[in-house]
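Structural overview
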Amino acid sequence: GGGGEPLYLGCRVDVFDRKGRPRRLDCGVLKFLGPTAFSSGRQVWCGIELDLPYGTHDGEVEGRRYFGPVSSRCGLLVTAELCKRVPGQPSASKAAYSDTDSVRTRSPVPIVAAPAPVVVPPPPPSKPVPAACRNDPALSALFA
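None of the values given here were measured: they were computed from a predicted structure.

Rules behind the numbers
- Residues numbered from 1 in each chain as written.
- Predicted model: local features only at pLDDT ≥ 70, side-chain atom pairs only at ≥ 80, totals over all residues.
- Heavy atoms only, no water.
- Helix = DSSP H or I, 4+ residues; strand = E, 2+ residues; numbered from the N terminus.
- Buried < 20%, exposed > 50% of the residue type's maximum accessible area, 1.4 Å probe, protein only.
- Contact = heavy atoms within 4.5 Å.
- Salt bridge = Lys/Arg side-chain N within 4 Å of Asp/Glu carboxyl O.
- Pairing = 2+ DSSP bridges.
- Axes fitted to C-alpha atoms, helices over the stretch in contact; angles between N-to-C directions.
- Phe/Tyr/Trp six-rings, centres within 6.5 Å; stacked < 30°, edge-to-face > 60°.
- Lys NZ or Arg CZ within 6 Å of the ring centre and 35° of its normal.

**A look at the overall build of the protein**
Across its full length, the protein holds 2 helices and 7 strands. The N-to-C order of helical and strand elements in the protein reads β-β-β-β-β-β-β-α-α. Among the 144 residues that make up the protein, the fraction classed as buried is 24%. For the protein, contacts bridging at least 24 residues in sequence account for 44% of all contacts bridging at least 6.

**Notes on the side chain of Thr-79**
With respect to the secondary-structure elements, Thr-79 resides in strand E6 (residues 75–79). Classification of Thr-79 by relative accessible area gives buried; the value is 4%. If we skip the residues at most four places from it in the chain, Thr-79 touches Arg-18, Gln-43, Val-44 and Trp-45.

**Re the pattern of salt bridges**
Scanning all chains against the criterion turns up 6 salt bridges. Residues Asp-51 and Arg-12 are paired through a salt bridge, measuring 2.7 Å at the closest nitrogen-oxygen approach. Taken together, the residues span a long stretch of sequence, with Asp-51 in the loop between strand E3 (45–50) and strand E4 (60–61) and Arg-12 in strand E1 (residues 12–16) at a distance of 39 residues. Take Asp-51: its relative accessible area is 42%, and that puts it in the partly exposed class. Where Arg-21 meets Asp-17, a salt bridge forms, and the shortest distance between an N and an O atom there is 3.0 Å. Residues participating in the shared-partner salt-bridge network are Asp-58, Glu-60 and Arg-65.

**Notes on the sheet that holds E3**
With antiparallel pairing, 5 strands are arranged side by side in an open sheet as E6-E3-E2-E1-E7. The open sheet has two free edges, formed respectively by E6 and strand E7 (83–85), since each of these has just one partner strand. Taken over all neighbouring pairs, the strand axes of this sheet differ in orientation by 45° on average, direction set aside. Pairing geometry for strand E2 (residues 22–34) and E3, over 6 bridges, is antiparallel. Along E3, the bridge assignment pairs Leu-30 with Ile-48.

**What to know about the packing of aromatic side chains**
Overall, the coordinates contain 3 aromatic pairs when judged by the stated rule. A centroid spacing of 6.1 Å and a plane angle of 85° characterise the contact between Phe-38 and Tyr-66, whose relative ring orientation is edge-to-face. Remark: Tyr-66 occurs in the loop between strand E5 (64–65) and E6 and Phe-38 occurs in the loop between E2 and E3; sequence separation between them is 28 residues. Tyr-66 gets classed as buried once you look at its relative accessible area, which sits at 10%. The rings of Phe-32, Phe-38, Trp-45 and Tyr-66 are connected pair by pair, giving a single aromatic cluster. Sitting over the ring of Phe-16, Lys-84 keeps its end group 4.6 Å from the ring centre.

This is how it looks when you write it as structure tokens:
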């Protein structure tokens, strides 16, 4: 493992031949990363959806689907050492923000201050009836 950029699903990749020369027509999007049933050992394979139909399948090899289905002959499986991530992309941790332009141009939402709650004054306490009035025979009927 040289200090190459780490591969992650969804990144743009270029395919190289065994001498390290880029295969100009074989570039696309990484759709599968892992072992395959048709190869022995722990070799990691890259499944690529090619931009152009220069592949060998649609993501299914020997009856087993590794990715896709993609367009006919747009699928390619190569060993990981022949697959390199196209430089200038966000790293894997930023892959979630693949659409960075819309994030940058989105204007911030203005923060509207919530209106202050209206304080209702408590009703004035009802005045107690003076004791003198209760003893007044004329008013005693009112306070019976």
